[in-house]
Amino acid sequence: MKHPLTHNYRLLGFYIFFWAAIGVINIILQVLWYNVPLVYSLLDTGTNYVLFPLLGSSIWYSIRYNSVEEVSVPRLIIFHLIAASILCGIWVYISYAIYQPFIRDNNTFLKDGLPSKIFAGYIMYAIYLIFFYAVNYYQSLKEKIKKESEYKALIREAELQALKSQINPHFLFNSLNSISSLTVSNPEKAQEMVINLSTFMRYSLMHNEKEMVSFTRELENIKLYLSIEKVRFGKKLNAEFEIDAHCLEAEIPNMILQPLFENAIKYGVYETTDQVTIKTICKCEGNLLKINIVNDYDASTIKRRGEGIGLRNIRKRMEIIYNNPDLMKVIDHKTSFEVQLIIPQKQAVS
Amino acid sequence: MSEKLQTLIIEDEELARNLLRSYLKDHPDIEVIGECENGFDGVKAINEKKPDLVFLDIQMPKITGFEMIELLDFKPQIIFTTAYDQYALKAFELNAVDYLLKPFSKDRLLAAIEKVKHRILNEEDNSEKLEELSNFRPGEEFIDRVVVKDRHKIHIITVDQIRYIESLDDYVMIYTNDGRHMKQKTMKYFETNLDPKNFIRIHRSYIVHVDHIAEIQQYEKESYIVILKDKDKTKLKVSKTGYKKIKEVLHF
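Analysis parameters
- Residues numbered from 1 in each chain as written.
- Chains lettered and ligands numbered in written order.
- Predicted model: local features only at pLDDT ≥ 70, side-chain atom pairs only at ≥ 80, totals over all residues.
- Helix = DSSP H or I, 4+ residues; strand = E, 2+ residues; numbered from the N terminus.
- Rg over C-alpha atoms; globule rule 2.2 N^0.38 Å.
- Buried ≥ 20, exposed ≤ 12 C-beta atoms within 10 Å, placed from the backbone.
- Contact = placed C-beta atoms within 7 Å.
- Core = buried A, V, L, I, M, F, W, Y, C linked by C-beta atoms within 7 Å.
- Pairing = 2+ DSSP bridges.
- Axes fitted to C-alpha atoms, helices over the stretch in contact; angles between N-to-C directions.
- Domains from an automatic or database assignment.
- Nonpolar A, V, L, I, M, F, W, Y, C, P; charged D, E, K, R; others polar.
- Parallel < 35°, antiparallel > 145°, perpendicular 65-115°, else oblique.
- Left-handed = near helix turned anticlockwise from the far one by under 90°.

1. Regarding the overall build of chain A
Looking only at helices and strands, one finds 11 helices and 7 strands in chain A. Expected size for 350 residues packed as a compact globule is a radius of gyration near 20 Å; at 38 Å, chain A overshoots this value by more than 25%. Overall, the C-alpha framework of chain A stretches about 120 × 45 × 40 Å when taken along its three principal axes. Each of the 350 residues in chain A was classed as buried or not, and the buried ones make up 26%. Once local pairs closer than 6 in sequence are excluded, the contacts in chain A between residues at least 24 apart make up 74%.

2. Thoughts on unusual backbone geometry
Looking along the chain, the bond that leaves K102(B) and enters P103(B) is cis, with omega of -10°. Relative to the helices and strands, P103(B) is located in the loop between β5 (99-101) and α5 (106-121). Of note, the phi angle at K334(A) is positive, near 75°, even though the residue is not glycine. Note on K334(A): 8 C-beta atoms within 10 Å, which makes it exposed. Residues other than glycine seldom take positive phi values, yet K50(B) does so here, at roughly 45°. Mapped onto the fold, K50(B) is located in the loop between α2 (39-49) and β3 (53-57). Classification of K50(B) as partly exposed rests on a count of 14 C-beta atoms within 10 Å.

3. What to know about the nonpolar core
Among the nonpolar cores identified, the biggest contains 102 residues, and F261(A), L289(A), V54(B), I165(B), I207(B) and V208(B) are the most heavily contacted of them. It is helix α9 (residues 215-233) of chain A that provides the largest number of residues to this core, a total of 8 residues. A84(A), L87(A), Y128(A) and F132(A) belong to the second largest nonpolar core, which has 13 residues in total.

4. Considerations on the sheet that holds strand β2 (residues 237-243) of chain A
Residues and elements named next belong to chain A. On the basis of which strands lie adjacent, the open sheet formed by 5 strands has the order β2-β4-β5-β7-β6 and mixed pairing. With one partner strand each, in any of the chains shown, β2 and β6 (328-332) form the two edges of the open sheet. Sheet twist, expressed as the mean angle between neighbouring strand axes with direction ignored, is 15°. Looking at chain direction, β6 and strand β7 (residues 336-344) are connected through 5 bridges and run antiparallel. Looking at the pairing, M328 lines up with L341 of β7.

5. Looking at the domain arrangement of chain B
Residues and elements named next belong to chain B. Along its sequence, chain B is carved into domain 1 (5-135) and domain 2 (145-250). Taken over C-alpha atoms, the centre of domain 1 sits 34 Å from the centre of domain 2. Across the boundary between the two partners, domain 1 contributes 7 residues, which contact 5 residues of domain 2. Elements that contribute at least two residues to the side of domain 1 that touches domain 2 include exactly α2 and α3 (65-70). Its residues assigned to classes, the side of domain 1 that touches domain 2 comprises 4 nonpolar, 1 polar and 2 charged.

6. Remarks on the packing of helix α8 (residues 187-206) of chain A against α9(A)
Residues and elements named next belong to chain A. One can describe the packing of α8 onto α9 by two numbers: an axis separation of 9 Å at closest approach and a directional angle of 140°. In terms of orientation, α8 and α9 fall into the oblique class. By crossing handedness, the relation of α8 to α9 is classed as left-handed. Facing M193, N196, L197, T199, F200 and Y203 of α8, the residues of α9 in contact are N221, L224, Y225, S227, I228 and V231.

7. Details of the interface of chain B and chain A
With 22 residues of chain B at the interface, the matching set in chain A holds 21 residues. For the side of chain B that touches chain A, the elements supplying multiple residues, two or more each, are α1 (14-24) and β7 (153-158) of chain B. Looking at the side of chain B that touches chain A element by element, the count peaks at 6 residues for α1(B).

8. Topic: the environment of L224(A)
Locating L224(A) in the fold gives a position in helix α9. A C-alpha to C-alpha distance of 85 Å links L224(A) and I94(A), two positions 130 residues apart in sequence.

9. A short note on the pairing of strand β10 (residues 179-183) of chain B
Residues and elements named next belong to chain B. Inspection of the sheet shows strand β9 (residues 171-176) paired to β10 by 5 bridges, in the antiparallel sense. Paired with I174 across the two strands is H181, which belongs to β10. Counting the residues in the hairpin turn of β9 and β10 gives 2 residues.

10. Section: the domain arrangement of chain A
For interface size, the figure often reported is the accessible area lost on association. The domains assigned to chain A are domain 1 (4-162) and domain 2 (164-344). Taking only C-alpha atoms, the centre of domain 1 of chain A and the centre of domain 2 of chain A are 67 Å apart.

11. Some thoughts on the sheet that holds strand β2 (residues 30-36) of chain B
Residues and elements named next belong to chain B. Strands sit in the order β2-β1-β3-β4-β5 across an open sheet of 5 strands; the sheet is parallel. The outermost strands of the open sheet, each flanked by one partner alone, are β2 and β5. Each adjacent strand pair in this sheet contributes to an overall mean axis angle of 20°, direction not counted. Both strand β1 (residues 5-10) and β3 contribute to a ladder of 4 bridges, which runs parallel. Residue pairing across strands places I10 opposite L56, the latter belonging to β3. On the sheet, α2 packs against β1, β2 and β3 and is oriented at approximately 140° with respect to β2.

12. Side note on the packing of helix α10 (residues 258-269) of chain A against helix α11 (residues 309-322) of chain A
All names here are of chain A. Between α10 and α11, whose axes approach to 9 Å, the crossing angle comes to 160°. Classified by the angle between their axes, α10 and α11 sit roughly antiparallel to one another. For α10 against α11, the interelement crossing comes out left-handed. For the pair formed by α10 and α11, the contact residues are P259, L260, E262 and N263 on the first element and G310, L311 and I314 on the second. Taken together, the residues of the contact of α10 with α11 sort by class into 4 nonpolar, 2 polar and 1 charged.

Encoded structure:
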């Protein structure tokens, strides 16, 4: 960590002002109250409140590399006693070197003043020590808070990344198999499906970069996805959309709908031999976009296990993005299954 | 080979069926005798037509390809087809049964047919392998349904419909709210594949669904019986270890 006085100018300013003020008060008191000669007072003030603060700023390093947590208390005490002695020695030596030219004739000032000067040095050392420990503590606390919020942001990012839906390999290989079949029977349709699949894949890869997209785009992508699946399932899959036109401008997390339709196909279309309708209803109310996706399912063949991993991931993703755990509702009507997403908008969509 | 292999295609997707048919169309040793769109029809067709070879999709509506095998009286040679199922792949590797990964080439398909022909010529019996395969279930921790066949009808029993299971030598009898169904599986299979939070092996001969237990009675020193909630108040014997398990699950 850097020296707080050289890197924090406010603290440096405060440090200089504090000792300057103390020094001035000292001179005023000594000269006006105790009638000390001005020269003596200046010398005293200079060494105590200018020289010591200069030397004392180095105490920072003694605490910086001897943290209370890492070094045992006895060692710490011994270390600081030695450091204090060295600092006081230097300080007193320089002080007296400065005194010499001015006070050659007055022995009492120098001799009698020595013990109290040394004592004052130790006391000041202790005060500086406390001051720097406080500064150090405050600085590391601030740094910790900063790092913590950085970590939190990183974790959020990582979580969101993990929750984003990946294209199901099952879907991909089955689609490729359909294409393989179409190349024999209907090459034109095969080509169309290759293009649809590519467009869909491109969109789903794009969502690694962008978090929010317009509802129109997301909806286009869903229709593309359904058109690919429709090639596989034929008339077994029937999709209906009921969408308020003014909802189309709304913003929505990228690829948040696809897993819901995948789920509807997996439990609805895949498990039955009859036609299954997936109905999508979108409404805007104030600054909420409400999307309901309903699909029939055959209750006699599957025991629904509530939320699978797909739905859980959507719920978590919504919770992280919007900071609200109640934006996804799952309702099992026994013969149909309904998922509702509520997507908050920055401003009311009208 | 003097006669053509009587072949059945069981596959729910039309395009996938078309592809298989076009691949097999002019194969000298294959005669496609039928196509089925789902597992129910598949079981019926296999038991009636007794084909030599079946192309079987795994993921299908109603019942899966694996579940179908459990219901077969007659076990033909099977070539599985699947798009992507890591657990199924694992199962195949363990059992060395033929499988084709969608999309597959004609050459790959022909190679699989050659393997089957070789097996038929050497009169290898693969019914045991198929049996093993149908027990293999590493994908989910516990089963959530059981498929059974009574005479000509296939039933899908979701596990919460099961009241209890009784052992009958090589078979088990599964008692549900609307009747009972026989199945060729071991008690061990059900003990390991049913969620132990809901099903307890209370005795060598019984596995009971906890929700259907009405009472536990002591009828001798250190021996107990379970009374079920049905109108007959069915009584089932409880072994010593069975009693311990009940206590653990029901916390008393």
